[in-house]
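Architecture and fold: a report
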Amino acid sequence: MLTLRQMRYFEALAATRHFGKAAAMVHVSQPALSTQIMEMEDHLGAQLVERNRAGVLLTAKGEAVLARIRVILGAVDELEETARRKSGVLAGPIRIGIIPTVAPYLVPKLIPHLRQAYPEIEIELKETVTDRLVAELLDGRLDAVIAALPVEAETLEVRPLFADRFFMAMAKNDREVLTSPMTENQVDADRLLLLEEGHCLRDQALAVCSAAGKRSLVNFGATSMSTLLQMVSHDMGMTLIPEMALASETARNNLIIVPFADPAPSREIGLIWRKSSGRSEDMSALAAAIIETAPKQK
């Protein structure tokens, strides 16, 4: 019969596509991992991986098995977490994923607040783009995700938390003068700087500025809001900045912030978790803490 150990070894191999790296991930020798994978294949009567000098590829059967294994391991992890979870709200471990355009502005106040309000909490954070966070949430590797909505999946619970308005940021020495409050039609798409592909703020910026037309948009492949705003402060263009980033970013960058005319464009920040996790009380407490500590424009 298949064992949980074999399943975890196979999941590691699928993630790394390399026997040596997978063995290091699960802290066993490469021959031991290889033997367990071959035993899986013998038991299932199917080839799960293609082995070559470049690494490992999953066969079609391997991909199908991987999907089922992730569901099983996710359920096992939830079972183990339930068994070791301490009594009380937000007592014990919680793994939270946060998108990069929220984390730097929320985490510095949120984490101290949680630790003070819930002394037995054990927080693990992960910062990456929405698609990766949602994938890890669905796989059971995260307990909650803080991201811009919408995020849709039948097995996920989504709780909207607050609206985060957009402003336009430009250098103080920028020769272009924008009317305040500005309209979306005033955006010069030729000078609009964007985050790299995969960041939801990039898509939101394109949506906000669609009225201006998508001509020669400037994409520097910036991976963070801070990097993008440093480019703006050096008069390399303009970009959208969310309200929650205003205080910290204007304090360290030479920027002019121009508001949009009402109704101002915005994004909705929400909390997402698995419906099956049985942690609705924890998530309600976490949601309240996020709302209380989120940066707000004075």
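Residues numbered from 1 in each chain as written. Predicted model: local features only at pLDDT ≥ 70, side-chain atom pairs only at ≥ 80, totals over all residues. Heavy atoms only, no water.

Per an unreviewed UniProt entry, the chain goes by HTH-type transcriptional regulator TtuA and derives from Rhizobium wenxiniae. In its Function (unreviewed entry) section, the UniProt entry covering the chain states "Transcriptional regulator of the ttuABCDE tartrate utilization operon." The UniProt entry for the chain carries this comment under Sequence similarities (unreviewed entry): "Belongs to the LysR transcriptional regulatory family." (UniProt positions renumbered as here; feature names shortened; annotations may be inferred.)

1. Describing the overall build of the chain
Within the chain, the regular secondary structure consists of ten helices and eleven strands. Taken across its 298 residues, the chain has 48% of its residues classed as buried. Here the contacts in the chain between residues at least 6 apart in sequence split such that 74% fall between residues at least 24 apart. Total accessible area on the chain is roughly 14900 Å²; 52% of this is exposed by carbon and sulfur atoms. (Helix = DSSP H or I, 4+ residues; strand = E, 2+ residues; numbered from the N terminus. Buried < 20%, exposed > 50% of the residue type's maximum accessible area, 1.4 Å probe, protein only. Contact = heavy atoms within 4.5 Å. Areas by Shrake-Rupley, 256 points an atom, 1.4 Å probe, with all protein chains shown as cover.)

2. Notes on the nonpolar core
Within the largest apolar cluster, 54 residues are counted, with the highest numbers of intra-cluster contacts made by Leu114, Ile146, Leu271, Leu286 and Ile290. Among the elements that make up this core, the one with the highest residue count is helix α5 (residues 103–117) (seven residues). Taken domain by domain, this core gets at least three of its residues from each of domain 2 (89–162 + 267–293) and domain 3 (164–265). Residue contacts for leucine 271: discarding those within four places in its chain leaves Ala144, Val145, Ile146, Glu157, Val158, Arg159, Leu161, Met283, Leu286, Ala287 and Ile290. (Core = buried A, V, L, I, M, F, W, Y, C linked by side-chain atoms within 4.5 Å. Domains from an automatic or database assignment.)

3. Digging into helix α3 (residues 30–44)
With 15 residues, α3 extends 21 Å between its outermost C-alpha atoms, agreeing within 8% with the 21 Å of an ideal straight helix rising 1.5 Å per residue. Glycine 45 lies just past α3 and shows a positive phi near 70 degrees. (Expected span 1.5 Å × (residues − 1).)

4. Describing the pairing of strand β4 (residues 121–127)
Pairing analysis gives seven bridges linking strand β3 (residues 92–98) to β4, with the strands arranged parallel. Each residue of the ladder has a partner; that of isoleucine 94, found in β4, is isoleucine 123. Each parallel crossover has a hand, and the one from β3 via α5 to β4 is right-handed. (Pairing = 2+ DSSP bridges. Right-handed = clockwise from strand over helix to strand, strands pointing away.)

5. As for the packing of helix α1 (residues 4–16) against α3
Axis separation between α1 and α3 bottoms out at 9 Å; the angle between their running directions is 105 degrees. Regarding the angle of α1 to α3, the classification is roughly perpendicular. Within the contact between the two elements, α1 uses Gln6, Met7, Tyr9, Phe10 and Leu13 and α3 uses Leu33, Gln36, Ile37, Glu39 and Met40. Looking at the contact of α1 with α3, its residues break down into seven nonpolar, two polar and one charged. (Axes fitted to C-alpha atoms, helices over the stretch in contact; angles between N-to-C directions. Parallel < 35°, antiparallel > 145°, perpendicular 65-115°, else oblique. Nonpolar A, V, L, I, M, F, W, Y, C, P; charged D, E, K, R; others polar.)

6. Details of the pattern of salt bridges
When the charged atoms of two side chains with opposite charge come close together, those side chains can pair. Counting across every chain of the model gives twelve salt bridges. Here arginine 267 ties to aspartate 164 by a salt bridge, and the two come within 3.0 Å at their closest N and O atoms. Here arginine 267 is found in strand β11 (residues 266–274), whereas its partner aspartate 164 is found in strand β6 (residues 156–171), with 103 residues between them in sequence. Its salt-bridge partner being arginine 165, residue glutamate 243 comes within 3.0 Å of it at the nearest N-O pair. Linking glutamate 243 in the loop between β9 (239–242) and α9 (246–252) with arginine 165 in strand β6, this pair joins segments that are 78 residues apart in sequence. A network of salt bridges, in which partner residues are shared, links Arg95, Asp143, Arg279 and Asp282. (Salt bridge = Lys/Arg side-chain N within 4 Å of Asp/Glu carboxyl O.)

7. Observations concerning α1
Compared with the 18 Å implied by 1.5 Å per residue over 13 residues, the 18 Å span of α1 between its first and last C-alpha is a close match. Buried residues of α1: Gln6, Met7, Tyr9, Phe10, Glu11, Ala12, Leu13, Ala14 and Thr16, and no others. The first or second residue beyond α1 is arginine 17, which carries a positive phi of 55 degrees.

8. With respect to unusual backbone geometry
Peptide bonds are trans in most cases, and residues, glycine excluded, mostly fall at negative phi. Going from leucine 149 to proline 150, the amide bond is cis rather than trans, its omega being 10 degrees. Summarising the element assignment, proline 150 is placed in the loop between β5 (144–148) and β6. The phi dihedral of arginine 17 is positive, around 55 degrees, even though this residue is not glycine. On the secondary structure map, arginine 17 appears in the loop between α1 and α2 (19–25). Phi is positive for aspartate 235, close to 60 degrees, though the residue is something other than glycine. Mapped onto the fold, aspartate 235 is located in the loop between α8 (225–233) and β9.

9. Quick notes on the packing of α5 against helix α10 (residues 280–293)
When two helices pack together, their arrangement is captured by the angle between the axes and the distance separating the axes. Viewed as axis vectors pointing N to C, α5 and α10 meet at an angle of 130 degrees, and their least axial separation amounts to 9 Å. The angle between α5 and α10 falls in the class oblique. The hand of the α5/α10 crossing is right-handed. Residue-level inspection shows Leu106, Lys109, Leu110, His113 and Leu114 of α5 in contact with α10, the latter providing Leu286, Ala289, Ile290, Glu292 and Thr293. (Left-handed = near helix turned anticlockwise from the far one by under 90°.)

10. A look at the pairing of strand β1 (residues 49–52)
Bridging between β1 and strand β2 (residues 55–58) involves four bridges; their strand directions are antiparallel. Bridged to valine 49 within β2 is leucine 58. Where β1 hands over to β2, the hairpin turn is made up of two residues, counted between the paired strands.

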